[in-house]
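Listed here are the chains, written in short residue letters.
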Amino acid sequence: MNTTLMFIVGALAVVAVVYMLLKKMDIKITLFAVGIILMVIAILNGNAIIKEPVNVLVDPILSIIDQFKKQLSGAGLVILLLGGYTAYMSKIGANEVTVNTLTKPLSIVKSPYVLVPVVFLLGNLLSLVIPSASNLAIILLATLYPVLRRSGMSTLTAAAVIATTATVMPTPLGADNVAIAAELGMPVAEYVFNYHAIISVPTILVMALVHALWQKYCDKKVTESADMDLELEDVKEITGGALYKTVYTLLPLLPIVILLGVFGYNAMAGASLNLSVEVVTIMSFMIAVFCEIVRHRNGQEVLKTTESFFSGMGNAMGIVVLLVAASTFVDGLKAIGLITELQTIMSTTTASGFVLPLILVVFTALIVLLSGSGTALFYAMVPLMVPLAVAAGISPYAVTVPMGLAGNLLRAVSPVSAVIVIVAGTVKQDPFEIVKRTSVPMIVGVVFMFVLSMIIFL
């Protein structure tokens, strides 16, 4: 295939994927379909896509199967186990206990603008337990929103803070971090604590401050009637006293606590103890089951609830399939020679090192704002990030960290994102009014994290 035709086909493939994403069509099927079409085009042009070709119909299927084997033996297994553990924490009520325990003290704070950064930081901490922005917002709307309103906080301020609670907390349990670490060939804890955290933690602190200032500024321009006759919704309580509540508050965070402990021990003692996320997750699950047996004194009933762990693994399979679909699409681009050509161009260009990360962040911003999805494009780009960074002669972290953080931050700026729609519907406000309140803190966060990433990683 000549170079001009290759670029035309590649451009049409990218446009097709972006169009389907904006139309909210299933991104997995889209990536699979476009990837297979590209592979067929490559085969018809005499390019082999697997080591032992069979024919034009079978080879793309064999390529997809190879990707499933690769993902399920690596990042895919981690994602499945984490999905199972999160589901089990919900089943035994531990997630709700954690939220209840951490949010209850906020009722004594009466200054709304002191609460804004506190709630924002607390919400980000809770996203370690409940990584889904939509699910976390639903829980906080039921439990925390009435507390915020009683403190004198305006409806739009409370809504904006809740809509932005799930941002960029550095967690080795995040599926996006697991996928990137696998591409980088390093433990996910090392990637998160050594690279992600040095950008994401300062970014969160800056956004907390900007949030407070921006909400106060916006509230001065708006007058609304105070709706104080709201009641807290009951949250599932764990019976058995303070000890049990303490234990069940910590259970959802246990994998992170163990990983942080190992990381700290290695740093202080100069050791090389390595516990993978898979091992830590299984250990935490076993501890949780033991706690349930002690609490209920009924092993048979407790073991029945463990089925939720495996159901949760099944639910997490969608993310694994998305990774395979993204790899299939990239394999199609590789098959027609586009990736090799792009790598050649980047390795010979004289453009500044920040150009590639900037292009990817701007592209991410555009897709997220229009589609409302903060991760779909990110997962589609995972297989490309490292080779493109290497070809451009820059650190892979200068690409992976900004692009990953940008998608998660800008989700709360899109009026069509699930979390904004849910919050707006619950508090009965126009989504665009909430986006006005979320846009400045999130955009400041994106700019800050990009500049910091370029300073540290380039």
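Residues numbered from 1 in each chain as written. Predicted model: local features only at pLDDT ≥ 70, side-chain atom pairs only at ≥ 80, totals over all residues. Heavy atoms only, no water.

**Things to note about helix α1 (residues 3-22)**
End to end, α1 covers 28 Å across 20 residues, agreeing with the expected 28 Å (1.5 Å per residue, within 8%). Those residues of α1 not exposed but buried are Met6, Val9, Gly10, Ala13, Val17, Val18 and Leu21. Following α1 by one or two positions, Lys24 has its phi on the positive side, about 60°. (Helix = DSSP H or I, 4+ residues; strand = E, 2+ residues; numbered from the N terminus. Expected span 1.5 Å × (residues − 1). Buried < 20%, exposed > 50% of the residue type's maximum accessible area, 1.4 Å probe, protein only.)

**Structural notes on the nonpolar core**
In terms of nonpolar packing, the biggest core is built from 149 residues, with Leu31, Tyr88, Tyr191, Leu251, Val423 and Ile434 touching the most fellow members. Looking at this core element by element, the count peaks at 14 residues for helix α16 (residues 307-335). (Core = buried A, V, L, I, M, F, W, Y, C linked by side-chain atoms within 4.5 Å.)

**Here we look at empty space enclosed by the protein**
The tally for this structure, following the rule as stated, stands at one cavity of 30 Å³ or more. Residue lining of the largest cavity: Thr364, Val368, Ser373, Gly374, Thr375, Leu377, Phe378, Met403 and Gly407, and that is the complete set. For the lining of the largest cavity, the secondary-structure elements that each account for two or more residues are α18 (355-371), α19 (376-392) and α20 (397-410). When grouped by side-chain class, the residues that make up the lining of the largest cavity number four nonpolar, five polar and no charged. (1 Å grid on protein atoms, 1.4 Å probe; cavity = no way out; pocket = protein on both sides within 12 Å on 5 of 7 lines; lining within 4 Å. Points joined across faces, edges and corners; volume = space filled by probe spheres on them. Nonpolar A, V, L, I, M, F, W, Y, C, P; charged D, E, K, R; others polar.)

**Considerations on a nonpolar patch on the surface**
Nonpolar side chains collect at one region of the surface, where Ile198, Ile443, Val447, Val451, Ile455 and Ile456 lie side by side and expose about 510 Å² of accessible area between them. Here the element with the most residues in the nonpolar patch is helix α22 (residues 431-457); it accounts for five residues. Note that Ile443 resides in helix α22. (Patch = residues over 30% accessible without salt bridge, like charges linked within 9 Å, V, L, I, M, F, W, Y side chains within 5 Å. Areas by Shrake-Rupley, 256 points an atom, 1.4 Å probe, with all protein chains shown as cover. Salt bridge = Lys/Arg side-chain N within 4 Å of Asp/Glu carboxyl O.)

**A look at the side chain of Thr98**
Along the chain, the position of Thr98 falls in helix α5 (residues 94-103). Since its relative accessible area comes to 0%, Thr98 is described here as buried. A polar contact of 2.9 Å, which involves the side chain of Thr98, links it to the backbone oxygen of Thr249. Excluding residues within four positions of it along the chain, Thr98 makes contact with Leu126, Val129, Tyr248, Thr249 and Pro252. (Polar contact = N/O pair within 3.5 Å; in protein donor to acceptor, adjacent residues only side chain to side chain. Contact = heavy atoms within 4.5 Å.)

**As for the packing of aromatic side chains**
For any two aromatic rings, the description comes down to two numbers: the centre-to-centre distance and the angle of the planes. Scanning the model with the defined rule gives nine aromatic pairs in all. An angle of 80° between the planes, with centres 5.2 Å apart, marks the rings of Tyr88 and Phe285 as edge-to-face. In this pair, Tyr88 sits in helix α4 (residues 75-91) while Phe285 sits in helix α14 (residues 277-296), placing the two residues 197 residues apart along the sequence. What makes Phe285 buried here is its relative accessible area of 11%. An aromatic cluster of at least three residues, connected via ring pairs, comprises Tyr88, Phe285, Phe309 and Phe310. Between Arg295 and the ring centre of Tyr248, over which it is positioned, the NZ or CZ distance is 5.2 Å. (Phe/Tyr/Trp six-rings, centres within 6.5 Å; stacked < 30°, edge-to-face > 60°. Lys NZ or Arg CZ within 6 Å of the ring centre and 35° of its normal.)

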